[in-house]
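These are the residues of each chain, in order.
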Amino acid sequence: SDNDGGSRRGAGEVRFRDVSIVTDDGNRTLFAETGEDLRIRMEFEVTEKVESLKFGVSFRHDAGQLISLTTTEADGLPIGAVSEAGTVEFVVPDLPLFNGQYLLSFYAVTESGDKVYDEIERAIKLTVRGTLPRGKEGIVELGGSGTMTAGGREA
């Protein structure tokens, strides 16, 4: 993995062999575009069978603030017991992040979260590029739309 000097800890029954961001055709990249799907790949090995497993991915802005942390369980992929190596792909549709640098951390934990098998902080530095629509700035594209009614004014 493209390690940015991040820290690693965990009990080790499940361990990340590789974490990467990949393009639709499977090539590794460290770049993404606002509004495009972001594909994250986690390859893991299992040193002994575990009864409970979920993976998490967090995004931090380069300045440090947590933008999002999500898990496979929360996103509708319950994993449960695992006894052999595998690969999980996690897709963020229509990436809502604006231009900037973001740090991704990865977690392999029990479903209750009380035990960490493996955790790699700041494993990947992602650069998001995109053309901001006029009048928009910040970290996240919230979307949305507006309506207006004539506020009682005479035409």
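Calculation criteria
Residues numbered from 1 in each chain as written. Predicted model: local features only at pLDDT ≥ 70, side-chain atom pairs only at ≥ 80, totals over all residues. Heavy atoms only, no water. Helix = DSSP H or I, 4+ residues; strand = E, 2+ residues; numbered from the N terminus. Rg over C-alpha atoms; globule rule 2.2 N^0.38 Å. Buried < 20%, exposed > 50% of the residue type's maximum accessible area, 1.4 Å probe, protein only. Contact = heavy atoms within 4.5 Å. Areas by Shrake-Rupley, 256 points an atom, 1.4 Å probe, with all protein chains shown as cover. Lys, Arg positive; Asp, Glu negative; His and termini not counted. Charge placed at Lys NZ, Arg CZ, Asp CG, Glu CD. Salt bridge = Lys/Arg side-chain N within 4 Å of Asp/Glu carboxyl O. Phe/Tyr/Trp six-rings, centres within 6.5 Å; stacked < 30°, edge-to-face > 60°. Patch = residues over 30% accessible without salt bridge, like charges linked within 9 Å, V, L, I, M, F, W, Y side chains within 5 Å. Pairing = 2+ DSSP bridges. Core = buried A, V, L, I, M, F, W, Y, C linked by side-chain atoms within 4.5 Å.

Draft legend 1. Quick peek at the overall build of the protein chain. Broken down by element type, the protein chain carries zero helices and ten strands. When the elements of the protein chain are put in sequence order from the N terminus, they spell out β-β-β-β-β-β-β-β-β-β. Taking 155 residues into account, the globule formula puts the C-alpha radius of gyration at 15 Å, and the protein chain, at 19 Å, lies well above it. In terms of overall dimensions, the protein chain has a C-alpha envelope of 75 × 30 × 30 Å along the principal axes. With 155 residues in all, the protein chain has 38% of them scored as buried. Put simply, 73% of the contacts in the protein chain that link residues at least 6 apart link residues at least 24 apart. A total of about 8900 Å² of accessible surface is found on the protein chain, and carbon and sulfur atoms cover 45% of it. In the protein chain, 17 positive and 27 negative side-chain charges are present, and the distance between their average locations comes to 4 Å.

Draft legend 2. Just the pattern of salt bridges, in detail. As enumerated under the stated definition, the model contains eleven salt bridges in all. Two residues, Asp118 and Arg8, come together in a salt bridge whose shortest N-O distance is 2.7 Å. Of this pair, Asp118 sits in strand 10 (residues 116–129) while Arg8 is found in strand 1 (residues 8–9), placing the two residues 110 residues apart along the sequence. A salt bridge links Arg39 to Glu89, with the shortest nitrogen-to-oxygen separation between them at 3.1 Å. You can see Arg39 sitting in strand 5 (residues 38–46) and its partner Glu89 sitting in strand 8 (residues 86–92), a full 50 residues away along the chain.

Draft legend 3. Up close: the packing of aromatic side chains. Applying the stated rule across the entire model yields three aromatic pairs. Ring plane angle 45 degrees and centroid distance 5.7 Å describe the contact between Phe16 and Phe55, whose orientation is recorded as tilted. Note that Phe16 is positioned in strand 2 (residues 14–22) and Phe55 in strand 6 (residues 54–61), a separation of 39 residues in sequence. The exposure class of Phe55 is buried, given its relative accessible area of 2%. Note on Phe44 and Phe55: the rings are 5.0 Å apart at their centroids and 45 degrees apart in plane angle, and the pair reads as tilted. Of this pair, Phe44 sits in strand 5 while Phe55 sits in strand 6, and the two are eleven residues apart along the sequence. Phe55 matches Phe44 in its accessibility class, with the two residues each being buried.

Draft legend 4. Broad picture of a negative patch on the surface. A contiguous patch of negative charge on the surface is contributed by Glu33, Glu36, Asp37 and Asp94. Checked against the element boundaries, Asp94 lands in the loop between strand 8 and strand 9 (100–109). Residue class for Asp94 comes out exposed when judged on its relative accessible area of 52%.

Draft legend 5. Summary view of the pairing of strand 8. Only one face of strand 8 is covered, namely the one carrying Gly86, Val88, Phe90 and Val92; the face carrying Thr87, Glu89 and Val91 has none of its residues buried. Sheet analysis places strand 5 next to strand 8, joined by seven bridges and oriented antiparallel. Pairing of Arg41 across the sheet is with Glu89, part of strand 8.

Draft legend 6. The arrangement of the nonpolar core in detail. Counting 31 residues, the largest nonpolar core has Val14, Leu38, Met42, Phe55, Phe59, Leu104 and Phe106 as the members making the most contacts within it. Going through the elements one at a time, strand 2, strand 5, strand 6, strand 8, strand 9 and strand 10 are the ones with two or more residues in this core. Considering every element that reaches this core, the biggest residue donor is strand 10, with six residues. Setting aside anything within four residues of it in sequence, one finds Leu104 in contact with Ile21, Ile40, Val57, Ser58, Phe59, Arg122, Ala123, Ile124 and Leu126.

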